[in-house]
Each structure stands twice: as structure tokens, then as C-alpha cells.
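# Coordinate analysis (summary)
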Amino acid sequence: MTDTTERSLRDPREVIREEMTMHAVIKAALADGPLTVPELASAIGRPAEEVLYWVMGMRRYGHVVEMPEADDEGYFPYALPKGA
Amino acid sequence: MDYDVLVIGSGIGGMESAIKLGDMGHKVLLVEKEASVGGRMILLSKVFPTLDCASCISGPKMSSTINHPNITTKTYSEVTGIKRRPDGRFTASVKEKSTFVDWAACTGCSDCQTACTVAVPDEFNADLAARRAAYIAFPQAVPKKAVLDREGTSPCIGACPAGIKAHGYVSLVRSGKDEEAFQLVLDATPLVGTLGRACYAPCESECTRTKLEGPVPIRLIKRFAADQHYAAHGETPSGPAVEVAAPNGKRVAVVGSGPAGLTAAWQLARQGYQVTIFEKRSQPGGFLRHAIPSYRLPHEVVDADIANLTSIGVEIECDAKIDDLAALKDSGYDAVVVATGTQHATPMNVPNEDAAGSVNGLDFLADVANDNAPDLTGKRVVVVGGGNVAMDAARVSLRLGAADVKVVYRRTRAEMPAHHVEADDAEAEGARFEFLVTPLEVLATDGHVTGVRLQKMRLGEPDASGRRSPEPIQGSETSVACDLVISTIGMSPDATLYENVVTVGRGKRITVDPHTLQTEVPYLFAAGDVATGATDITRAIGAGRRAAHMVDRWVTGRPLTGFTALDDRLDTIGHDTVLSRQTAFGHRNPIKGAVDLQKLPRDFHEIESPLTETEARSGAGSCLDCGVCSECQECVHACPADAIRMDKRDVENEFDVGAVVVSTGYKLFAADNKPEYGWGRYANVITGMQMDRLLAPTRPFNTVLRPGDGKVPERIAYISCTGSRDAQVGNPLCSKVCCMYSIKQNQLIMGALPLADVTMHYMDMRAAGKRYDEFYEQAKDMGAQYIRGRVSRITEKENGDLVLRYEDTEGTGEIVEAEYDLVVLAVGIQPNRDVERLFTDEPLGLDEYFYVAEPSEDLDPGVTDVPGVFVAGTASGAKDIVDTIVHAGAAVAQVAAHLEKAQQTTKAEVLA
């Protein structure tokens, strides 16, 4: 298979630990409107699987909210909560 | 207290056992290691084959367990040992781990976890998302109470003699809470900006990150927080750390305004004392202002720190030399704190020491600090000594224009007491060093210094300090021509203040109780270098805090105890423990401060640059959260019930129990032991438990998403028998539940994601049980695909999709590849070998697979090989929920029979 990859994932504990540092970065990226995880990953230059950890951590504690519908490719956009 | 039965573990088997035994009238002690009862079942989405909500079934049982009048439940507790006694009963040791939360006050509001600044993997969500160090186990937790995850004191905090919560302010800056970080340090001492510059940072020396690529820049992060605060607030402090208790009518005098005195005054003033500091010099600050050169610690930073004190009413009387401590006390003070430091320079005791051009380092530095600096343009300077004062004197001399500065020291560089950074920087700025020489005479002509005659030395045997003693080399002398000799060979307290009042100790130090800092005169306390000899700022601050605490205790008539800031810290967690939490660490370039070291510097501008905001966040982001909880105090401030109790500690008790039910459940197979499936390497390969969490109402994501990029998966594959029926991984047993939980998830996915295709790759489909096969057929009717054949390998595509390679055993027999968005590994069940540590004397028998053995499994289910010990549920082998409940019922019957028999035996013995 020519299109396979063997890139390695970072230890989840390490990625999750960085969530607090990433709050401001992600909030800044969302300031202009909702973004999906791949869009956020592209905007801040970090791997999508790491961005997902951070977004879900932020979602859990009320820093971001998901939009009601996924886009055509199956990705939910995430936004800053109203008033944030 | 006595109990009829100890039940270990509160999964469905443990709860069922406890409730049934309680219903029979037996007194039950239930011990659960997590903060909530419920075990794994409460974390599942639904149960098969009924698709009843797992929470809806578990919830009432959890509530019944906790509220049952005959059940005492100890959550967040561990059985640390069980001994069987000759009378057939058991002594069980149970450790109630500290939650650091007063559960009687906690309302489960979640404010603590929202405020928490430490993110860790959430084990209750199978590590798919983060929880906080302050957490409630899960939304349906019973009891729904918060826990602080504290594994110990972080090494940085443990290393700080001032008791400053370094991990706390690092985690706050990491979270963008710079003002909170400042306030956290301010809670300990007013000298936040000073410490950010002049502290030698023992915290960094102990930082676990040092074991990787370099320490977290802890000191500079503190400076960043201080600089941000002073830039925003000027010298008008505000915030929680400057809240002051109502005046208590008591007055305390502090003699000396160095770090110990300032800190003692700060702490006492905040407790409502009227505090006056008496300083003999014309400006406060002690060595901070009069010894540490301004290129290291600008005077305006000291001024800003001191303004924290004066803003809350501390009075500082300068040019106020105190000569009579008793008279000071009698002038209206309830207590006196002596914090006069080490102001007396040790003389060299060599000829011509009093010649013009021969000075001691303390006076030299003080003159420079007070705008009375000599002009050393073109002069040659010899500095005698190897401590930090020597380095400061050398570097100040260069800034005053000296053409040549030589530091002469009687040992070698390795033995120099100066901080290595100070010595390196002095050398970088042009100071030269000559080692293994000691002064014999100051050479002088017409009363003016012309040089120093030196004795050459060599190192002999180690002395009491562990350093090798210098010994003269007879007949070996040398001399250095110079215009100024600065002696910095030592310093000691000036005992004239107290020598007529209290005992003077070694080195003219005031004698105090090292724990209480009280002298033999009860009203008189002493803190800092005056009691210990020359140390450093952090030790002085720690002593100042301690003195303030003890003064308050003494003035209010309480025992001189309870200084928890330094005396009651949790054990410091080891570096190895911290590093063992991760399989690998990504490299981070260490953030270091930029120091402007020029050859022959000629001005006093601050040489170290502050961290930029990006550097501060990045540096703080490299913290490994060693103790887990950072002690940032955000939960303390956020808790509306005032329920956080950082001083709570573990409690261990022994209980007398008549029987034991082991219901410790199972472990899940670690999927990374099947590397061909890529779990842990491919983000979109997850386990069955992870999928159950994604399907549960309390799921970690907003719906079923693949972890690699948040996409709603459309093609989902299951691989059965991952880690079960597999001798290669050491588990030949069928786990009994994997087929059925996979089918359950297949159905739930098709309900949640109507467009998704679900395919299960299986070896054998085992759906034996009432309505199980029908459940399987129902899934097929819903559209799930079932392909027989073991998957040999998974590879990942660039877009995160996964390619499964398997043999088409029911078709052509060819090797087939199929592509999916998400792969779920139906991981098997394995024994929980923690059970092996339960019994300290008589080991509990295990079977050949390391499950708890039931010697007569067919006739006496639940009975182990230890009389009075029974097993319920999956601790004895793989079972589904229904079988677990049935097995628990069997164990309960065995327990009841055992207790009845024991009671009858006791009665018979009494009658006999």
C-alpha cells in the first residue's frame, strides 16, 4: 500500500496535559467563527487527533460548544459559547 | 468496629452481594477503591440483550448500596491487608485515601473541576478525553462528591524552603491566569518580584523535566507573573492574598527588614496584627537592597514588593536602630521578631587589613547600593573569598570601571560556595579566578593598599562540611598587586542586640527552638540568617512564615504547632514515578532566560531579560504535573461550600469481620499487546470499552466521532477476540462477553448513526444465552455485516482511514483488504491480579489463569480455598452481567451459611 503511514501518536497524557496551554490558542482560532477539528488543526498547526483531545476537554468544561449539525463530510463545527 | 461481612469491590457483583447480605440483616462493610460505587457497569451504554440503559439499572442499586442501613460503604478506600485469625474471623486493614474534600460539605456542584488548572486522562471515559485533577468521577457518581487527585507533593514544591507552591503558579501561568499566579506567591511572601529574579531556584534543580531535556523555567515564570502584576497594578496591590483580617488589637515589632522580617510582618499583618518593622538603615530591604546588586535585583522591584506590605498597614521605621529588646517589648508590643540577618563581615585577621583600599564585601556592596560607590576606573581589584558575595563584589567592581578583577579562593572551583551560575557569569564578565591561595597580608605603602601576599594551598582531608580542607604548602607564597582588596570570607550576625537577653549560639547566632523559632524569652522569636547563619532568600522567607505562625499561636495562647505550609506536606513524589506514567515523552526545547553577559560591563542595567508571554506559556506548558494536583488553590477559591481540605490525610483502620467477599472484578486486555492492530499508534483504532463510552449518554464527545479527527464514522469495523482465545498473548480463554457487547454496540451504532455500515470480523460467534442468538439475528436484520476470519493486520492511510487485511474464509479463501473509518477492538477480559495483595498471611488460591479459584466450582460456587472467604462475579472468571448477579447470589448464600454455622459453633462453645 503506497498511501499508508507509520507516524506515531504522542502519549495521550502528554497531549491532554497541554490542553490548558491550548485554550487561548483555540479560542483565538474560533474568534472569527466555528471550525471543525480538521479546520482547527490546520489553523493552529497541530495534529487533528491532538486537537480533538483539547476541543473535547474544552467542551466538557464549557469553553466551546458544538454546532447542531455536522457538515457534509461528517465533521461538527465547534464554536465559542455565546457571551464568551 | 465489627462487621459480619467485608465486601471488596462495588461493581454489580459487589453491590448485589452487599445488598442481599444487608437485606438478610448482616452488617456489611463495603470497600471501593474509586470515589463512587458502581464499578464498570455504570460506565456502559446499555446492556445486552435487552438494551436497557446501564445507568438506569445500576443507579438504583448504587443508591440502595449507599443508603442501606446495614451497609457501611467506604469509597476511595483500599483494603491493604486481610489476616485470618485462629477463631476463623478476619482482621482487615482499610486505608481511606484522602479526597482532600470535606464530603459532608461538598454539594457536587462541579465548580472545583471547572476551576482546576490540571488536565489528566479521564479513566472513567477510557482515556478518550480529559478530566481535571479536581474531579467528580462521573455524572451519575454515588456519592456525587469531588476528589482532588494528589499523588504527592510535586518535587518543585517539596524543594522550596519557603513552602511556595511552584507547581501551582506554573499551572496557573500555563492556563493564562497570571494574576492568580502572582497572588499564589503573594500568599506566601510579599517578595514575588524579588524571588523571580534573585532566588537560586531549588525548585528547578528538583524539576522532573530536568531528567528529560531541562527544567521548567520556574523562577522566570514567577518573574513573568510579578512583572505582569506590577505593570497592571503598579504598587497598589489587590486580590485575595492581600485580604487582611480585622485588627485584633495585638502589636508585633519586627527588627530587621530583610526577607525574613518582611515576610513575617506580611503574614502577621494579614492576620490582623499591627506590625512595625524597625530598620537601622535609611531604606528597607536588608540584603535585598543593600547587598544584591541592582543588575540582578533592581531596587524598584524591591520597592514594589515592599509596597505590598505598606499597602496593608505595615509600618516601616527606617534609621531606627534597636538596642534594647526588652524596652521595645515594653513600649507596647505583644511579641518581637528578630530578623537582623548576618550583617557582620568576618575579618581576614591579616596585617594591614585596615589600610585604605581594604574593605569588606558587605560594606562595599552597601555603599554601591546607596549611591556611594567608589570610582574604580582603571583600578586593580582583588576579591578574597568564593561565595556569592565575592561574585557580586567582583562583578560590581567591573561595573565601576575596574581594569582587572581577580577572585582569590583557598579551595578549588569545585568547593566554591557560590552558586555555579554566579561564578560562571562572573567569569564571563571578565573576573579572573585564582584558586588554592589564601591571604597572608594586605600589602600597603603609606597606609594605602598596593597588593596582597598569598599563601599557596593544597586540598587535604574533608572537613566537617564534607569539603576537603585547604592546607598551606610551606614555603610557597605569591603576591598580587592591586589597588583595592575586598574581603568576603564570611559573615555572621551582630549579637549586640540580643546577647544580654538570650543565649548566643555558635557563630553569634541567636538561639531558638528550630521548630517554633521561639527563644528562651517567650515573647522573643527570631527568623532567618540571624538564627541559622547565612543561607539564602527562600530559607529566610520560610523562617519568616514560620515565625509569624508561631507568634500568632503564642500571642493567642495556643500550642506552637500546626505550621502545615512546611511541616505537613505530602511526601514528595519521585521522579521515576512521574516518568513511568508515560510510555514516551516528546522533546521540548528548554526555555531559558536570556542573560546579557558582556565582557567588562560598565553599567548596572538588569542583565536577565524577562520571558515573553509565548515563552512563559510554553515554559509552563512543559510542566509534567508531578503531583497531579498543582496546589494552585483555584478549587479552594471556587468552592462555594468551602469544602476543600488540603490538609486532609489518609486514614488507616482495622476492622473485625466474620467473612470476606472478593468482588474485585476484572481487567481489560491491554490492546497494545496486539501491535498488528495498531491501538495506541492509530488514532482511529479504539477498544470496545471506548466505544461503549462513546455510545453512553454521558459520552465524552458530542456523538460517536472517530478520535483521529472528529469525523462521524460511516464505516465501522469490529475485530472480535482481541486478547482472548489467543494463546500468543497468554489468554486462551474465551471472554464470554465480547461477541455480545459487540453485537449490542453494532445495534446502538446503527441507531445513533443510521448511515453507518457496521462490519464485525469474528472467529466464532458465541451467543449462548436466553435471547442472545435472537439478539444476534436482530443485528443482522438491521444491516450489520458479520465476516468470519481473523484479521491479520491493520494499516493506516494518510487520511486516518484504516485498511484491514483478512482471509475470506466463507468466500473465496483469498486474502482481502477492506477500508474503514473506525475500527473497534473487542478486547477480552483478564483476571484482576490486585487480589493477590489482599491476604497478607494466607494467600488466596488462584486457578491456572490467575482468577480466584473456586475448588468446587460446580457444587459450591463462590467458595474459595480460604474458609470464610468467598468470591462473587468476574473475580473468579469471565461472566456477563446476568451471570455475575447469579454468581453473587450464590456467594451470598455461601456467606450466610458460613455465618450461621460460625454462630452456631460459638453458641455451642458457650454452652459447653
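Note that the structure is predicted; figures quoted are calculated from it, not measured.

### Focus: the overall build of chain B
Looking only at helices and strands, one finds 26 helices and 38 strands in chain B. Across the 912 residues that make up chain B, the buried fraction comes to 52%. Contacts in chain B between residues far apart in sequence, at least 24 positions, make up 72% of those at least 6 positions apart.

### As for the interface of chain A and chain B
By a widely used convention, the size of an interface equals the accessible area lost when the partners come together. Taken together, the 37 residues of chain A in the interface contact 38 residues of chain B. Residue assignment for the side of chain A that touches chain B shows that the elements contributing at least two residues are β1 (4–5), α1 (12–17), α2 (19–30), α3 (37–44) and α4 (48–60) of chain A. Ranked by residue count, the leading element in the side of chain A that touches chain B is α4(A), at eight residues. Counted by class, the side of chain A that touches chain B contains 16 nonpolar, nine polar and 12 charged residues.

### Remarks on the sheet that holds strand β20 (residues 432–435) of chain B
All names here are of chain B. Ordered by their spatial adjacency, five strands build an open sheet running β17-β24-β18-β19-β20, and the pairing between neighbours is parallel. A single partner strand is all that each edge strand has here, and the edge strands are β17 (358–360) and β20. Put simply, the sheet's adjacent strands are angled 20 degrees from each other on average, direction ignored. Taken together, the four bridges between strand β18 (residues 380–384) and strand β24 (residues 484–487) define a ladder with parallel strand orientation. Among the inter-strand pairings, Val382 is bridged to a residue of β24, identified as Val485. Running at roughly 85 degrees to β17, helix α14 (residues 361–369) makes contact with β17 and β24 of the sheet. Relative to strand β19 (residues 404–409), helix α15 (residues 388–399) is tilted by about 170 degrees, and along the sheet it contacts β18, β19 and β24.

### Some words on α3(A)
Since one α-helical turn is 3.6 residues long, residues separated by three or four positions face the same way. Residues and elements named next belong to chain A. Along α3, the residues classified as buried are Val37, Leu40 and Ala41. The buried residues of α3 all sit within an arc of 100 degrees when viewed along its axis, so they share a single face. Turning to α3, the residues buried within the fold contact α2 and α4. Just beyond α3, the residue with positive phi is Gly45, at close to 70 degrees.

### Re the packing of α15(B) against helix α16 (residues 420–428) of chain B
Residue and element names in this part refer to chain B. Contact geometry of α15 with α16 gives a least axis separation of 9 Å together with a crossing angle of 20 degrees. Judged by the angle between their axes, α15 and α16 are roughly parallel. In this structure, α15 meets α16 at a crossing whose hand is left-handed. Listed contacts from α16 to Asn388, Met391, Ala394 and Arg395 of α15 are Glu422, Ala423 and Ala426. Here the residues of the contact of α15 with α16 are counted per class, giving four nonpolar, one polar and two charged.

### A few points about the pairing of strand β12 (residues 251–255) of chain B
Residues and elements named next belong to chain B. Of all the five residues making up β12, four are buried; the element is thus mostly covered by neighbouring parts of the structure. Pairing of β12 with strand β13 (residues 274–278), which is carried by five bridges, proceeds in the parallel orientation. Looking at β13, one finds that Arg251 is bridged to Gln274. Handedness of the β12-helix α10 (residues 259–270)-β13 crossover: right-handed. For β12 and strand β15 (residues 335–338), the ladder comprises four bridges, and the chain directions are parallel.

### Observations concerning the nonpolar core
In terms of nonpolar packing, the biggest core is built from 157 residues, with A:Val55, B:Leu6, B:Val660 and B:Val823 touching the most fellow members. Top element by residues in this core is α4(A). It accounts for eight residues. Residues in contact with B:Val660, not counting those within four places in the same chain, are B:Leu6, B:Ile8, B:Ile82, B:Phe90, B:Gly868, B:Val869 and B:Phe870. In terms of nonpolar packing, the next biggest core, distinct from the first, is built from 141 residues, B:Ile221, B:Leu328, B:Val383 and B:Val389 among them.

Definitions and limits used
- Residues numbered from 1 in each chain as written.
- Chains lettered and ligands numbered in written order.
- Predicted model: local features only at pLDDT ≥ 70, side-chain atom pairs only at ≥ 80, totals over all residues.
- Helix = DSSP H or I, 4+ residues; strand = E, 2+ residues; numbered from the N terminus.
- Buried ≥ 20, exposed ≤ 12 C-beta atoms within 10 Å, placed from the backbone.
- Contact = placed C-beta atoms within 7 Å.
- Nonpolar A, V, L, I, M, F, W, Y, C, P; charged D, E, K, R; others polar.
- Pairing = 2+ DSSP bridges.
- Axes fitted to C-alpha atoms, helices over the stretch in contact; angles between N-to-C directions.
- Arc of directions from axis to C-beta.
- Parallel < 35°, antiparallel > 145°, perpendicular 65-115°, else oblique.
- Left-handed = near helix turned anticlockwise from the far one by under 90°.
- Right-handed = clockwise from strand over helix to strand, strands pointing away.
- Core = buried A, V, L, I, M, F, W, Y, C linked by C-beta atoms within 7 Å.

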